[in-house]
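Architecture and fold: a report
Chain by chain, the residues run as shown.
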Amino acid sequence: YEYKNNKGYKVSILYPVIDKLSVTIPVDPEDRKAIDEILMDIHKNEEDFSSVSDKKKRYKINTEWTDKKTGQKVLIQCQPVHAVNYLRFELNPAKLGPAGMSRFKQMFENSITVGNYPYSRVLKEGHIRRMDIAVDMINVTPHELIISGKGTGKSIKFLGKDSNELETVYLDKPQTKSSNKMVYNKLQEQIDKGNEPSYNEVLHTRAEYNHEGAPFGNIPNIQNPFKKITVINPVFVPEGGDDFVWHLFLNSCRLKGIEASLSLLPTQLRGQYRKALEKATEDTWQPEKLWEKWEDYLIKSKVLTND
């Protein structure tokens, strides 16, 4: 869906995609030695494979497969150091695309597991270690937005070193774990990493949810994670309002939160400013709309199909 910013240009909000998928698969004891040997040696005979090291030291054997048509790399690992499922892969379905996913499935079944672990079995027995679900907002930066979570933990905000503009917000961070909800300047991240910018270098914000710990085949049934995030692009100054006061108020909302900032206003402005924010929320962030094609996406992307 789309809305217009204060300059009259369109801001486009895209349906969610899976930007990263990490799945572990249990392997029968009698199959483990054969898979170990294949993953240890396949790079010696197949140019699409290379031996890599695991910086986190979670698995003893680590191999990378490159999809030649997209250039995307898929990490495949076995022999876990700790007690988790024996085999793991990590890939980016959004960048592989449907055809790339099909090529991965054929490779995984035929070259890695010699027919014993087709994708149908992966869907049935696999477990999600991590799945990053991403929504892209085109033609807007995080600095223009008011971003909030459910208020169940800390929000951590990072500013750009040179621009001093908001670049990343981690929402609802628990005390002892990392946050699983973030909104960040995706274009700036691509520039910083030297990656080719998406969307012809148009401003690009990403809202991302990290889903963990569920049966792989159950992903169509996960709850809509974007209900846990609120993103507001307050485009227009309320009628009769002062532009200077409005922008100071928005800065307060970004720092202190909406309710705390509304309480600072004179009574005659409070209702007017609240209505302006409510209207902006309706235009900017529609989680039900975002989630309406989730299952359809899983099928079309071939994340959820056998072939």
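Residues numbered from 1 in each chain as written. Predicted model: local features only at pLDDT ≥ 70, side-chain atom pairs only at ≥ 80, totals over all residues. Heavy atoms only, no water.

**A look at the nonpolar core**
Formed by 60 residues in total, the largest nonpolar core has its most connected members in Ile76, Phe89 and Phe216. Looking at this core element by element, the count peaks at six residues for helix α2 (residues 93-112). What phenylalanine 89 contacts, discounting residues up to four positions off in sequence, is Leu21, Ser22, Val23, Ile25, Val74, Leu75, Ile76, Phe104, Phe108 and Val122. Ile232, Leu250, Leu265 and Leu277 belong to the second-largest nonpolar core, a separate cluster that totals 12 residues. (Core = buried A, V, L, I, M, F, W, Y, C linked by side-chain atoms within 4.5 Å. Buried < 20%, exposed > 50% of the residue type's maximum accessible area, 1.4 Å probe, protein only. Helix = DSSP H or I, 4+ residues; strand = E, 2+ residues; numbered from the N terminus. Contact = heavy atoms within 4.5 Å.)

**With respect to the layout of surface pockets**
Unoccupied space between atoms shows up once a probe the size of one water molecule is rolled over them. Estimates place the volume of the largest pocket at around 1,500 Å³. Lining the largest pocket we find 48 residues, and of these Asp19, Lys20, Glu90, Asn92 and Asp132 sit closest to its centre. Sorting elements by how many residues they give to the lining of the largest pocket places strand β8 (residues 127-138) first, with six residues. Residues of the lining of the largest pocket, tallied by class, amount to 16 nonpolar, 10 polar and 22 charged. The volume enclosed by the second largest pocket comes to roughly 360 Å³. Residue lining of the second largest pocket: 17 residues in total, with Asn6, Glu144, Asn233, Pro234 and His247 positioned closest to the centre. Along the lines of polarity and charge, the residues of the lining of the second largest pocket split into six nonpolar, seven polar and four charged. (1 Å grid on protein atoms, 1.4 Å probe; cavity = no way out; pocket = protein on both sides within 12 Å on 5 of 7 lines; lining within 4 Å. Points joined across faces, edges and corners; volume = space filled by probe spheres on them. Nonpolar A, V, L, I, M, F, W, Y, C, P; charged D, E, K, R; others polar.)

**Examining the pairing of β8**
Burial analysis of β8 places nine of its 12 residues in the buried class, the great majority of the element. Here strand β2 (residues 10-13) runs beside β8; their pairing, made up of two bridges, is antiparallel. Note that in β8 the partner of serine 12 across the bridge is isoleucine 138. For strand β3 (residues 17-25) and β8, the ladder comprises seven bridges, and the chain directions are antiparallel. Residue serine 22 lies in a different strand from β8, and its bridge partner there is arginine 130. Relative to strand β14 (residues 214-215), β8 runs antiparallel, the two being bridged by two bridges. Across the sheet, histidine 127 pairs through a bridge with proline 215, a residue of β14. Sheet topology note: the β8/strand β13 (residues 204-211) ladder contains eight bridges and is antiparallel. Its bridge partner lying in β13, isoleucine 138 is registered against histidine 204. (Pairing = 2+ DSSP bridges.)

**Observations regarding helix α1 (residues 29-45)**
Its 17 residues place the ends of α1 26 Å apart at the C-alpha level, agreeing with the 24 Å of an ideal helix rising 1.5 Å per residue. In the structure, α1 departs most strongly from a straight axis at leucine 39, where the bend amounts to approximately 35 degrees. Taken together, the buried positions of α1 are Asp31, Ile35, Asp36, Ile38, Leu39 and Ile42. Next to the buried residues of α1 lie β4 (49-51), β5 (59-66), β6 (73-80), β7 (87-91) and α2. (Expected span 1.5 Å × (residues − 1). Bend = angle between axes of the 7 residues up to and from the residue.)

**What about empty space enclosed by the protein?**
Within this structure, the stated rule accounts for one cavity of 30 Å³ or more. Considering the residues around the largest cavity, the lining is formed by Leu145, Ile147, Lys157, Leu166, Val169 and Arg254. Classifying every residue of the lining of the largest cavity gives four nonpolar, no polar and two charged.

**Some details on helix α5 (residues 243-256)**
Helical periodicity: at 3.6 residues per turn, an α-helix aligns residues three or four positions apart in one direction. Spanning 14 residues, α5 covers 20 Å between terminal C-alpha atoms, matching the ideal 20 Å at 1.5 Å per step. Among all positions in α5, only Trp246, Phe249, Leu250, Ser252, Cys253 and Arg254 are buried. Contacts from the buried residues of α5 go to β9 (146-148), β10 (154-159), α6 (258-262) and α7 (267-284). With its phi angle positive at about 100 degrees, glycine 257 sits one or two positions after the end of α5.

**As for the packing of aromatic side chains**
Using the criterion set out here, one finds 13 aromatic pairs in the structure. Where phenylalanine 158 meets tyrosine 170, the ring centres are 5.9 Å apart and the plane angle is 90 degrees; that geometry is what we call edge-to-face. Here phenylalanine 158 is found in strand β10, whereas its partner tyrosine 170 is found in strand β11 (residues 166-173), with 12 residues between them in sequence. With a relative accessible area of 28%, tyrosine 170 lands in the partly exposed category. (Phe/Tyr/Trp six-rings, centres within 6.5 Å; stacked < 30°, edge-to-face > 60°.)

**Quick look at the environment of serine 50**
Here serine 50 is to be found in strand β4. Taking the C-alpha atoms as reference, serine 50 lies 8.4 Å from threonine 66; in sequence the two are 16 residues apart. Residues contacting serine 50, with those up to four places away along its chain left out, are His43, Asn62, Thr63 and Glu64.

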